[in-house]
Amino acid sequence: MVMQTKFKLNQRDSVWFHENSGQVNQAYAKNVCDIAILPIGAIEQHGPHCPCGSDTFNAIGIAERVAEKTGAMILPSPMYGSHPHHHWGMPGTIPLKYETHIALLEDIVRGAAVAGFNKFIIISAHGQVSSMIVAVHKLGIEGYFTISSTWYDFLRDNKEVLKDFMWHADEAETSVALHLYPEHLNMDLAEKGGGHGLVDSKWKIAPGQAAMPGMMYHFEGTFALPEKDDLDNGVIGDPTHASVEKGEALVGKCVDYYVELLEEIKSKYPCGINPLGFRNPLGYEGTAAIEYDKDHDDKGQLK
Ligand SMILES: [Zn+2]
């Protein structure tokens, strides 16, 4: 029997880390591309017409397209995500606490780095910046170059495609779902939804919307009633405006931006370079002891 690494070294069987052998992943990160994408979403109710895994499926669909175009490896998606506390008690939603999610992201990145990956791009399709940015900052001071992003960061004011700004299980999310996994949708059950906000929605930046003066991030402040009491049918927006074409346009635009970002990282920091130039297992406690590697000067600038 020929050993797998003999004929697959430096090639990958799959864009997915967990579908390759450890040896293939190591050789690929060393010689071909050391960028790893971590798609994350949530298990969350998405109205009567979309599956509870919608956010995770959306992140996976985008990640696969970006990985195929850039050569980045995709780390297995953990399915569950973190949630603002007003999501607790909503049937169909299984929320992780922020602490659980921060620890999960940290451990995944640390583990993948052992195989030789040096750059980590988190692609989230769920509103979980509250835990993502904490994990990314902690990983940063440990020497792991990690970018966290949410796919709708790339849809600012995208009224070219959408009738309404994106919210939840709505025109935007349902369009993406129709494009990526129509077999899991029941569009005959799709209906407009809404809630009963404590303050006028003009104060809140919708996911993906460009901010105007006086607008606050939607999870800032005590805007929300418990979601189980607030929402009519688990939907915020109007999924009856969704279409396959809109989904294809949104995903395409989003993938193009991610590809541009990854190509920039690849050209600035070739395979084998850790952009931060250090690994600091002591984290916060060890910042005085940081020593830059041979690729960086003593101020952390790439030579
Ligand atoms: Zn969603």
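On a predicted model such as this, the values are computed, not experimentally measured, just so you know.

(A) Layout of the overall build of the protein chain. The secondary structure content of the protein chain amounts to 8 helices and 6 strands. Its helices and strands taken in sequence order, the protein chain reads α-α-β-α-β-α-β-α-β-α-β-β-α-α from the N to the C terminus. The C-alpha radius of gyration of the protein chain comes to 20 Å, within 12% of the 19 Å expected for a compact globule of 303 residues. Expressed as lengths along the three principal axes of its C-alpha atoms, the size of the protein chain is roughly 55 × 50 × 35 Å. In the protein chain, which comprises 303 residues, the share counted as buried stands at 42%. Within the protein chain, contacts between residues at least 6 apart in sequence are counted, and of these 74% link residues at least 24 apart.

(B) Broad picture of the packing of helix H4 (residues 98-114) against helix H5 (residues 129-141). At a minimum axis distance of 9 Å, the contact between H4 and H5 shows a crossing angle of 40 degrees. Comparing their axes, H5 and H4 come out oblique. Crossing of H4 against H5: the hand is right-handed. Along its contact with H4, which presents Tyr 98, His 101, Ile 102, Leu 105, Glu 106 and Val 109, the element H5 presents Ser 130, Ser 131, Met 132, Val 134, Ala 135, Lys 138 and Leu 139.

(C) A look at H4. For H4, built from 17 residues, the straight-helix expectation of 24 Å at 1.5 Å per residue is met to within 8% by its first-to-last C-alpha distance of 25 Å. By the burial criterion, the buried members of H4 are His 101, Ile 102, Leu 105, Ile 108, Val 109, Ala 112 and Ala 113. For H4, the arc enclosing every buried residue in end-on projection is 135 degrees, short of the 170-degree limit, so these residues lie on one face. Away from its buried face by more than 90 degrees, H4 exposes Glu 99, Asp 107, Gly 111 and Val 114. In the core, the buried residues of H4 are packed alongside strand S1 (35-40), strand S3 (119-124), H5 and strand S4 (145-150).

(D) Just the sheet that holds S3, in detail. Strand order across the open sheet formed by 4 strands is S2-S1-S3-S4, with parallel pairing between neighbours. The sheet terminates laterally at strand S2 (73-74) and S4, the two strands that pair on one side only.

(E) View of the packing of helix H3 (residues 54-70) against helix H6 (residues 171-180). The geometry of H3 relative to H6 is characterised by a closest axis approach of 10 Å and an angle of 60 degrees between their N-to-C directions. By the angle between their directions, the pair H3 and H6 is classed as oblique. Every pair of crossing elements has a handedness; the one defined by H3 and H6 is left-handed. Contact residues: Ser 54, Phe 57, Asn 58 and Gly 61 in H3; Glu 173, Val 176, Ala 177 and Leu 180 in H6.

(F) Examining H6 more closely. Here H6 lies mainly inside the structure; 10 of its 10 residues are buried. Turning to H6, its buried residues are Glu 171, Ala 172, Glu 173, Thr 174, Ser 175, Val 176, Ala 177, Leu 178, His 179 and Leu 180. Contacts from the buried residues of H6 go to H3 and helix H8 (244-268).

(G) Quick look at the pairing of S3. Among the 6 residues in S3, 6 count as buried, and that is most of the element. Where S1 lies against S3, 6 bridges are found, and the strand directions are parallel. The residue bridging Ala 36 from the neighbouring strand is Phe 120, located in S3. Judged from the 6 bridges that link them, S3 and S4 form a sheet pairing that is parallel. Paired with Phe 120 across the strands is Thr 146, a residue of S4.

Calculation criteria
Residues numbered from 1 in each chain as written. Predicted model: local features only at pLDDT ≥ 70, side-chain atom pairs only at ≥ 80, totals over all residues. Helix = DSSP H or I, 4+ residues; strand = E, 2+ residues; numbered from the N terminus. Rg over C-alpha atoms; globule rule 2.2 N^0.38 Å. Buried ≥ 20, exposed ≤ 12 C-beta atoms within 10 Å, placed from the backbone. Contact = placed C-beta atoms within 7 Å. Axes fitted to C-alpha atoms, helices over the stretch in contact; angles between N-to-C directions. Parallel < 35°, antiparallel > 145°, perpendicular 65-115°, else oblique. Left-handed = near helix turned anticlockwise from the far one by under 90°. Expected span 1.5 Å × (residues − 1). Arc of directions from axis to C-beta. Pairing = 2+ DSSP bridges.

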